[in-house]
Amino acid sequence: MRLLVIEDEVKTAKFLKKGLGEAGFVVDVAHNGLDGFEFAKEVAFDLVILDIMLPGLDGWEVLSGLRQAGKTTQVLVLTARDSVHERVRGFELGADDYLVKPFAFSELLARVRSRLRRIPAPPQNVVRMADLEIDLLRQRATRAGQRLELTTKEFLLLSLLARRAGEVLSRTVIAEAVWDMNFDSETNVVDVSVRRLRSKVDDPFASKLIHTVRGSGYVLEAE
Ligand code: CA
């Protein structure tokens, strides 16, 4: 895990580098806002510890600059100001956490560890598109509340199209994902399967969800 500490007070920066290093993190330090900003833009840090009162760019400018540049790196803001107003501003600018100086190192460490343990939300179990509903866990699909009787491969094919709804999937991509095979241009297994799937998913209903994109492949999309 690689962290960046942006802190102008040399003593505090040293103390953080040492403490976090001992806790097993790789720690880089920047002593002003501009260097910190450039560093955080260039390197994929797992977390940035950001002081607010900094020369060059202040912490708020660093934070908003990173978010504007599309960086989603977690940012823990350190500041001497403990007002609700400042805290709200920090979160609005995209801070992930906030710690008021002076702080105990043990608290900082606990916050850092807790931030880094957070894992992305589990994938959705139910995918919906118009009146189509696919329960990935129970392997069931319904349209307009009616159960669709699908074979295992048809279910896989529909799930693939639904999880990547709006994206045109080539026959090669589909063949690899559903049949675990390299697409052989001699076989039309994908087209045949899509046709069968359509007969169940689309034919009985007025609005069509599975569309053919000539020369490219198939896409699941509400009309
Ligand atoms: Ca400072």
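No experiment lies behind these values; they were computed from the predicted model shown.

Undergrad: I'd like to hear about the overall build of the protein, residue by residue, with values.
TA: Regarding its fold elements, the protein presents eight helices and 11 strands. Over its C-alpha atoms, taken along the principal directions, the protein stretches across nearly 70 × 40 × 30 Å. Within the span of the protein, comprising 223 residues, buried residues form 42% of the whole. Long-range pairs, those at least 24 residues apart, make up 54% of the contacts in the protein between residues at least 6 apart in sequence. For the protein, the exposed area adds up to about 12,300 Å²; of that, 51% sits on carbon and sulfur atoms.

Undergrad: An account of the pattern of salt bridges is needed here, citing residue identities and associated values.
TA: Applying the stated criterion across every chain, the model contains 15 salt bridges. One salt bridge connects Glu-167 with Arg-164, and the closest N-O pair in it is separated by 2.7 Å. One continuous salt-bridge network, built from bridges that share partners, spans Glu-7, Glu-9, Asp-51 and Lys-101.

Undergrad: An account of the environment of Gly-56 is requested, with residue identities and associated values reported.
TA: Note on placement: Gly-56 falls in the loop between strand E3 (47–51) and helix H3 (59–68). Gly-56 sits in the exposed class, given a relative accessible area of 71%. Along the sequence, Gly-56 and Gln-146 sit 90 residues apart, while their C-alpha atoms lie 62 Å from each other.

Undergrad: Go over the domain arrangement of the protein, please, and point to the residues and values.
TA: When cut into domains, the protein gives domain 1 (2–117) and domain 2 (126–220). Domain 1 and domain 2 are separated by 46 Å when their C-alpha centres are compared.

Undergrad: Before we move on, could you go through the pairing of strand E6 (residues 126–129) and cite the residues and values that matter?
TA: Where burial is concerned, the two faces of E6 differ: the one with Val-127 and Met-129 is buried and the one with Val-126 and Arg-128 is not. As judged from the four bridges shared by E6 and strand E7 (residues 132–135), these two strands associate in the antiparallel manner. Across the sheet, the residue bridging to Val-126 is Asp-135, located in E7. Between E6 and E7, which pair antiparallel in sequence order, lie two residues; one of them, Ala-130, sits at a positive phi of approximately 50 degrees.

Calculation rules
- Residues numbered from 1 in each chain as written.
- Predicted model: local features only at pLDDT ≥ 70, side-chain atom pairs only at ≥ 80, totals over all residues.
- Heavy atoms only, no water.
- Helix = DSSP H or I, 4+ residues; strand = E, 2+ residues; numbered from the N terminus.
- Buried < 20%, exposed > 50% of the residue type's maximum accessible area, 1.4 Å probe, protein only.
- Contact = heavy atoms within 4.5 Å.
- Areas by Shrake-Rupley, 256 points an atom, 1.4 Å probe, with all protein chains shown as cover.
- Salt bridge = Lys/Arg side-chain N within 4 Å of Asp/Glu carboxyl O.
- Domains from an automatic or database assignment.
- Pairing = 2+ DSSP bridges.

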